[in-house]
Amino acid sequence: EEVPDAVIPAASKKITSISSPLRAIVRLRRHYRGLKKSRLHLELPREKSAEFVHTRLLQRQLSVNRSSLYSPSMSFFNQSGFESSQYFTFDTSVEHYSVKKCRRKKSRRKSRMVLYPDKTKKYLPAEEKSKAKRCLFLLIAIIFFQILNAIENLDDNLQKYDLDALEKTMHREVFGQKVAVDGIVELLKDYLATHIHNKPLVISLNGPTGVGKSHVGWVLAKHFRSVMDNDFVLQYFVMHHCPSGVAPLTCEIDLAKKISDMVTRAEIEEKTPVFILDEVELMSPVLLDTLSRFFEPNQTNEFLNAIYILISNLGGAEITKFVIQNASTELLHQQWGAEELLSIIQPVLVSVHPLWKAADIIPFVLLEKSHVINCFLEQMRREGLYPDQKHIENLANQLSYYTTGDKQYSSMGCKQVVAKVNLL
């Protein structure tokens, strides 16, 4: 039967009106499934179902079988690798993190690698940091600062006593005793560099009369009174402080009290007292015994910080004999000559009293005629007289001398200079 043409368009219109919504629904469903699949690929599933795992294993087995067709030799390794491999995921963030971590480890390892001549890479031994090295550096720093502090204190003490000015004054005012003056100044500098000592400083000035021993004592007393105080310098003259009529025990008590009081005051003010004892050869054995007790090292600290200057004519005859015998040589100006002279004088002094064992002996030699002339010039300058050279030489010729070869040594030194100038 033939269908009329008018009926066909109406039926087709009905079909299109029904199919177009269906097609739209299908398209939306496909789009939704695509979005869901892509979301599943991006997210790491927390729990995998048994079906999902089984599907993944089958896919992996098929890929292995295909690769074994092209490379049969690798099939065994691939299968073993498959059995030990982890499940594959599309989590790119985890992958990226693991790659970064691996690169960091590799870079750290490379920094510790060393290429040896045999082209093999070996790791350096691990460096062990010891705390003892830091302690050693700290100890060195502490010692350095202590040494620096000690040097500064040494300079402060020397500046406080102004020993450079003392040396210049003694070289200017003491004639013919350069070796003795240098020895005294060196002993004072070594002792006064610090305030902590294990024994007092005892200097014994020995020599014949008129050679400048008492003058050196006067210069020392004047200098230390100027840099310290008059209370810390004591000049003790035996003929004045202990005359022949006074009992030795009284002199002993008086001297011991003066020394004890002075060292006690000096210890409080951190100063070093100076005791200048002249005419020691006239002291009684009781006084010498008292002095020897103050020279001992096993005392309290205040008695260890003290300077004793002993002035005497003991050993003068031995010094005179030695100088006259060696006048033609330069023995007196050499170190071993001074040591030889000391070896001659010390037994003589120790035989008088053992206290000279603790003393540093400074011998004063005879003065030449030129030194006596300098004494006249200095004394006339002090008295305000005009120093006529010819007149001075005439006064110097009136004194007695030891003549040895081309040199003349005064037998009385400058002892009579003051008396001769006073007669002018």
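The rules behind these values
- Residues numbered from 1 in each chain as written.
- Predicted model: local features only at pLDDT ≥ 70, side-chain atom pairs only at ≥ 80, totals over all residues.
- Heavy atoms only, no water.
- Helix = DSSP H or I, 4+ residues; strand = E, 2+ residues; numbered from the N terminus.
- Buried < 20%, exposed > 50% of the residue type's maximum accessible area, 1.4 Å probe, protein only.
- Contact = heavy atoms within 4.5 Å.
- Areas by Shrake-Rupley, 256 points an atom, 1.4 Å probe, with all protein chains shown as cover.
- 1 Å grid on protein atoms, 1.4 Å probe; cavity = no way out; pocket = protein on both sides within 12 Å on 5 of 7 lines; lining within 4 Å.
- Points joined across faces, edges and corners; volume = space filled by probe spheres on them.
- Axes fitted to C-alpha atoms, helices over the stretch in contact; angles between N-to-C directions.
- Parallel < 35°, antiparallel > 145°, perpendicular 65-115°, else oblique.
- Left-handed = near helix turned anticlockwise from the far one by under 90°.
- Arc of directions from axis to C-beta.
- Pairing = 2+ DSSP bridges.

Peer 1: I would appreciate a short explanation of the overall build of the protein in the present structure.
Peer 2: Each helix and strand in the protein was counted, giving 17 helices and nine strands. Each of the 424 residues in the protein was classed as buried or not, and the buried ones make up 31%. For the protein, the share of sequence-separated contacts (at least 6 apart) that also reach a separation of at least 24 residues comes to 72%. Total accessible area computed for the protein in this model is approximately 28500 Å², and 58% of it derives from carbon and sulfur atoms.

Peer 1: Would you mind going over the layout of surface pockets with me for this structure?
Peer 2: A water-sized probe rolled over the atoms picks out the places where empty space is left. Here the second largest pocket is characterised by a volume of approximately 680 Å³. Where the lining of the second largest pocket is concerned, the elements lending two or more residues are helix H8 (213-227), strand S6 (307-312), helix H15 (369-383) and helix H17 (417-422).

Peer 1: Please explain the packing of helix H10 (residues 248-268) against helix H11 (residues 285-294) as it appears in this structure.
Peer 2: Working note: a packed helix pair is described by the angle between its axes plus the distance between those axes. Where H10 contacts H11, the two axes come as close as 9 Å, and the packing angle between them is 25°. It follows from the interaxial angle that H10 and H11 lie roughly parallel. The handedness of the crossing between H10 and H11 comes out as right-handed. Between H10 and H11, the residues in contact are Pro248, Cys251, Glu252, Leu255, Ala256, Ile259 and Ser260 and Val286, Leu287, Thr290, Leu291, Arg293 and Phe294, respectively.

Peer 1: Where do I start with helix H6 (residues 163-173) in this structure?
Peer 2: Residues spaced three or four apart along an α-helix point in a common direction, a consequence of the helix completing one turn every 3.6 residues. Leu163, Leu166, Met170 and Glu173 are the residues of H6 that are buried. Projected down its long axis, H6 shows its buried positions confined to an angular sector of 100°, all on one face. Across from the buried face of H6, at angles greater than 90 degrees, the exposed residues are Lys168 and Arg172.

Peer 1: How should I be thinking about the sheet that holds strand S3 (residues 201-206) in this particular structure?
Peer 2: Either a parallel or an antiparallel arrangement is found when strands of a sheet pair, and the pairing is made through backbone hydrogen bonds. Spatial ordering of the open sheet is given by S4-S5-S6-S3-S7, a layout of five strands whose pairing is parallel. Strand pairing shows two members of the sheet lacking a second neighbour, strand S4 (233-237) and strand S7 (360-363), which therefore form its edges. The sheet shows a mean angle of 15° between the axes of neighbouring strands, direction not considered. The sheet contact formed by S3 and S7 spans four bridges and is parallel. Within S7, the position partnered with Ile203 by the bridge is Asp360. Sheet strands touched by H8: S3, S4, strand S5 (274-278) and S6. Its angle to S4, the strand with the most contacts, is close to 155°.

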